[in-house]
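Architecture and fold: a report
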Amino acid sequence: MRYAVISDIHANLHALQAVLDDARTQNIEGYICIGDIVGYNAYPVECLRIIRELNCTVVKGNHDHYCSSEDELIGFHPLAADVVHWTRDQLNEDDKQFLRDLPYTARIKTFTIVHSTLDMPEKWGYVFDELEAEANFTYQRTSLCFFGHTHVPLAFEKTMDIRCHLYENIKLSLGRKYFVNVGSVGQPRDGNHDAAYVVYDMKKSTIDLRRVPYDLAGAQQRIRDAGLPERLAARLEQGR
Ligand code: ZN
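All right, on to the coordination of the zinc ion then. Donor atoms from the polypeptide that bind the zinc ion are Asp8 (OD), His10 (NE2), Asp36 (OD) and His151 (NE2), placed at 2.0 to 2.5 Å. Classification of the site at the zinc ion rests on its four donor atoms, whose angles at the metal span 84 to 175°, yielding the label irregular. Here the donor residues of the zinc ion are spaced in sequence according to D-x1-H-x25-D-x114-H. With His10 in the loop between β1 (2–6) and α1 (13–23) and His151 in the loop between β6 (144–147) and β7 (154–158), the pair connects residues that are 141 residues apart, well separated along the chain. Note on His151: relative accessible area 2%, which makes it buried.

Next comes the structure, spelled out in C-alpha cells:
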C-alpha cells in the first residue's frame, strides 16, 4: 500500500491542488490527512470540500477545532486569531460539524496519526526536539506515527535514545520507533516555500518527503482580496 500523507493544508487551495496533482504521479492507493485543513489562508470551504471528497482518514488540528467552535482563542498569535474569526464566518454548519467530529488520533493498519502529540493530543503541544518527543514515544504503541502541527519536516527515531533529523528519505528499520512530521502543504516553515507532503510505502518501509512548487502569487492574491493580514501573504513566500 502506498499512502500520500498530507498535513497543515491551512486553506491553501493552490498548494493542495499542486500536491494532489503530484500524488497522482506517485501510484498512491490511499490518502491520509493529519489536520489543520483550515486557517491562515483564504480557501477554507474549497479545501474542506476536496478533503471530504477524498474520503480519507482525517484527524483534528487546533485550527480545525477553533474554527468549528466558539471557544476562546488560547495561545493564538493575533494574526492567526484574525483568520480563525474570518474562517468561522465562511464555514457552514455542516462543514463545522465535520470538523467537530474529527478524532484526535487514528490508527491505520500498523501505524498511527496525530496532529500534535500522542500524550495529550488535545493540548496541542509542539514537538521540535528530543525532549518534547519523549512523552509522545511513551504513548506510541505502533512503530510508526506521523504528525504535523509544527510545519517542519523533522523525523524522530528511537532506539536506546532519541535522535532527531531533517530528512528527505527514510528507510524504516525493525525494532525502532519513528515519530515523523510530514511538513505542511499550505504554510511550510522550514525556509522552503514549496508545499510539502510524504509518500509512505508500507511494503517497502520507505518514507519520501516531496516538495511541490505551486502558484504562490495566486494564493497570496486571494489572502489580500479576502482582507486577511498582509503578513500572512508575505510569510508564504518566506516559508516561515
Ligand atoms: Zn498548522
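Turning our attention to α1. Burial within α1 is extensive, with nine of its 11 residues counted as buried. Here α1 has its buried residues at Leu13, His14, Ala15, Leu16, Ala18, Val19, Leu20, Asp22 and Ala23. Contacts made by the buried residues of α1 are with β1, β2 (30–33), α2 (44–54), β11 (195–201), β12 (206–212) and α7 (216–225). A distance of 3.4 Å separates the backbone nitrogen of His14 from a side-chain oxygen at the start of α1, and that oxygen is part of Asn12.

Before going further, it helps to examine the packing of α7 against helix α8 (residues 230–238). Two numbers describe how α7 lies on α8: the axes approach to 8 Å, and their chain directions differ by 170°. It follows from the interaxial angle that α7 and α8 lie roughly antiparallel. Judged by residue contacts, Leu216, Ala219, Gln220, Ile223 and Arg224 of α7 engage Glu230, Leu232, Ala233, Ala234, Leu236 and Glu237 from α8. When the residues that make up the contact of α7 with α8 are grouped by side-chain class, the tally is seven nonpolar, one polar and three charged.

A few words now on the side chain of Thr87. Within the element layout of this structure, Thr87 appears in helix α4 (residues 78–90). In this structure Thr87 comes out as buried when scored by relative accessible area, which is 0%. Sequence-distant contacts of Thr87, that is, excluding residues within four places in its chain, are made with Val38, Gly39, Pro44 and Cys67.

To continue, consider the pairing of β6. With burial as the criterion, each face of β6 is covered, one bearing Leu144 and Phe146 and the other bearing Cys145 and Phe147. Pairing analysis gives three bridges linking strand β5 (residues 111–114) to β6, with the strands arranged parallel. Residue pairing for β6: Phe111 is matched across the bridge by Leu144. Viewed along the sheet, the connection from β5 through helix α6 (residues 130–139) into β6 turns out right-handed. With four bridges connecting them, β6 and strand β10 (residues 177–181) associate as parallel partners. For Phe146, the partnering residue across the bridge sits in β10 and is Val180.

A separate point is the pairing of β5. On β5, burial covers both faces: Phe111 and Ile113 on one face and Thr112 and Val114 on the other are all buried. Following strand β4 (residues 105–108), the chain reverses through two residues before pairing antiparallel with β5; Lys109 in that reversal takes a positive phi of roughly 50°.

A separate point is the state of the cysteines. Here the structure, examined in full by the defined rule, presents zero disulfides. Among the cysteines around Cys33, which has no disulfide bond, Cys56 carries the closest sulfur, lying 5.7 Å off. Between Cys145, a free cysteine, and Cys33, which holds the nearest cysteine sulfur, the sulfur-to-sulfur gap is 14 Å. Looking at Cys145, the relative accessible area reads 0%, which means it is buried.

What counts and how
Residues numbered from 1 in each chain as written. Predicted model: local features only at pLDDT ≥ 70, side-chain atom pairs only at ≥ 80, totals over all residues. Heavy atoms only, no water. Donors = N, O, S within 2.8 Å, 3.2 Å for Na, K, Ca; no water. Tetrahedral: all angles 85-135°; square planar, octahedral: opposite > 155°, others 65-115°. Helix = DSSP H or I, 4+ residues; strand = E, 2+ residues; numbered from the N terminus. Buried < 20%, exposed > 50% of the residue type's maximum accessible area, 1.4 Å probe, protein only. Contact = heavy atoms within 4.5 Å. Polar contact = N/O pair within 3.5 Å; in protein donor to acceptor, adjacent residues only side chain to side chain. Axes fitted to C-alpha atoms, helices over the stretch in contact; angles between N-to-C directions. Parallel < 35°, antiparallel > 145°, perpendicular 65-115°, else oblique. Nonpolar A, V, L, I, M, F, W, Y, C, P; charged D, E, K, R; others polar. Pairing = 2+ DSSP bridges. Right-handed = clockwise from strand over helix to strand, strands pointing away. Disulfide = S-S within 2.5 Å.

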